[in-house]
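Summary of structural features
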Amino acid sequence: MIKLLFFGRLGDFAEGVAPNIEARADLTPAKIRDQLAADHPALCAELSQPQVLISLNQMIVGWEQPVFDGAELAFLPPVTGG
Amino acid sequence: MKPSIRIQTEDFDLGAEYQLLRQLDAASGAIVTFTGLVRDLEKDSSINSLTLQHYPGMTESLLQEIVDQAAARWDLIGLTVIHRVGKLLPSDQIVFVGVASQHRADAFEAAQSVMDYLKTKATFWKKVDQDGQQHWVESKDSDRAASQRWTTDD
């Protein structure tokens, strides 16, 4: 299983998205995003914004990073703390 | 250098944090503290409350990186970062950065750099309630520019 997390405004668009997806070979964040497009087109459009960063097991990675079983994948909009 | 990084829902006591920094080492000649507050306005409209979300685990790691960078660049004795999460009201304290150093220049610059990086790197997100309508705060170009000045100086 791969755990999916959506922070900030992305969380509003991700309502109804399953918190976990099945792991399979050759999975990447880009493929996971595209997989979400069928049922959640608005979320997919938000995830495609250039400012959105992704982290894999809490490390910032690129969209083509391999995603393995047991990973935690988070989608991060621009931060606004402080 | 003694770092202290805390993410908490409860308020903090500026005086107590100052004393903790002051007691670290008698070599300290300067303590700079910064406290950020919740403004009552967002885009010229008053707010009822602010809710802060963060990414537990990752936020602490990112703050540690920011603190480590400051410790490598300036001569520091202590560096405290406190960030509150959860629901806050106008005038509430939201963030604290305190730096103890032998000399004031290091303390001033380190405190400003930590705040600038915190605002653009640390995984916090603000949601405001304005007249019952909730919306996420947009990031600011001015914050990104502020953090970039610490990289272009080198």
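Residues numbered from 1 in each chain as written. Chains lettered and ligands numbered in written order. Predicted model: local features only at pLDDT ≥ 70, side-chain atom pairs only at ≥ 80, totals over all residues.

A few words now on the pairing of strand β5 (residues 72–76) of chain A. Residues and elements named next belong to chain A. Extensive coverage of β5 is indicated by the burial of four of its five residues. With four bridges connecting them, strand β1 (residues 2–6) and β5 associate as parallel partners. Bridge pairing in β5 links L5 to A74. For strand β3 (residues 53–56) and β5, the ladder comprises four bridges, and the chain directions are antiparallel. Among the inter-strand pairings, L56 is bridged to a residue of β5, identified as L73. (Buried ≥ 20, exposed ≤ 12 C-beta atoms within 10 Å, placed from the backbone. Helix = DSSP H or I, 4+ residues; strand = E, 2+ residues; numbered from the N terminus. Pairing = 2+ DSSP bridges.)

On to helix α2 (residues 58–73) of chain B, then. Counted at 1.5 Å a residue, the expected span for α2(B) with its 16 residues is 22 Å, and the 23 Å between its end C-alpha atoms agrees. Within the span of α2(B), buried status applies to M58(B), T59(B), L62(B), L63(B), I66(B), V67(B) and A70(B). Here the buried face of α2(B) lies against β3 of chain A together with β1 (2–8), β5 (49–54), β6 (76–84), α3 (104–121) and β9 (124–130) of chain B. (Expected span 1.5 Å × (residues − 1). Contact = placed C-beta atoms within 7 Å.)

The next thing to look at is α3(B). End to end, α3(B) covers 25 Å across 18 residues, agreeing with the expected 26 Å (1.5 Å per residue, within 8%). Burial in α3(B) covers these residues: D106(B), A107(B), A110(B), A111(B), S113(B), V114(B), D116(B), Y117(B), L118(B), K119(B) and T120(B).

Attention shifts here to the sheet that holds β5(A). Spatial ordering of the open sheet is given by β2-β1-β5-β3-β4 (chain A), a layout of five strands whose pairing is mixed. Strand pairing shows two members of the sheet lacking a second neighbour, β2 (20–21) and β4 (59–61) of chain A, which therefore form its edges.

The next thing to look at is the confidence of the model for chain A. In this model, chain A carries a mean pLDDT of 95, and residues with pLDDT of at least 70 account for 100%. By mean pLDDT, the top-scoring element of chain A is β5(A) (98), and the lowest-scoring one is β2(A) (94). (pLDDT = per-residue confidence, 0-100.)

A separate point is the packing of α2(B) against α3(B). Relative placement of two packed helices is described by the angle separating their axes and the distance separating the axes. Residues and elements named next belong to chain B. With their axes 10 Å apart at the nearest point, α2 and α3 run at an angle of 150° to one another. Considered as vectors, α2 and α3 are oriented roughly antiparallel to each other. Taken as a pair, α2 and α3 cross one another with a handedness that is right-handed. Between α2 and α3, the residues in contact are L62, L63, I66, V67 and A70 and A110, S113, V114, Y117, L118 and K121, respectively. In terms of residue class, the contact of α2 with α3 is built from nine nonpolar, one polar and one charged. (Axes fitted to C-alpha atoms, helices over the stretch in contact; angles between N-to-C directions. Parallel < 35°, antiparallel > 145°, perpendicular 65-115°, else oblique. Left-handed = near helix turned anticlockwise from the far one by under 90°. Nonpolar A, V, L, I, M, F, W, Y, C, P; charged D, E, K, R; others polar.)

All names here are of chain B. If you walk across this open sheet you meet the four strands as β1-β6-β8-β2, and the pairing is mixed. Among the strands making up the open sheet, the edge pair consists of β1 and β2 (30–37). Each neighbouring strand pair of the sheet contributes to a mean axis angle of 5°, computed without reference to strand direction. Two strands pair when backbone bridges link them, and β1 and β6 are joined in this way by seven bridges, in the parallel orientation. Counted as the bridge partner of K2 is G78 from β6. Against the sheet, α3 touches β2, β6 and β8 (93–101), its axis set at about 150° to β8.

A separate point is the environment of Q64(B). Residue and element names in this part refer to chain B. Examined against the element boundaries, Q64 turns out to sit in helix α2. You can call Q64 partly exposed: it has 13 C-beta atoms within 10 Å. Once the C-alpha coordinates of Q64 and V81 are considered, the two residues, 17 residues apart in sequence, prove to be 9.4 Å apart.

The next point concerns the pairing of β6(B). Residues and elements named next belong to chain B. Summarising burial for β6: nine of the nine residues are buried, a large majority. For β6 and β8, the ladder comprises seven bridges, and the chain directions are antiparallel. Each bridged residue has a counterpart across the sheet, and for L76 the counterpart in β8 is S101.

The next thing to look at is the confidence of the model for chain B. Mean pLDDT over chain B: 95, with 98% of residues reaching 70 or higher. Reported for the predicted complex are a pTM of 0.93 and an ipTM of 0.94.

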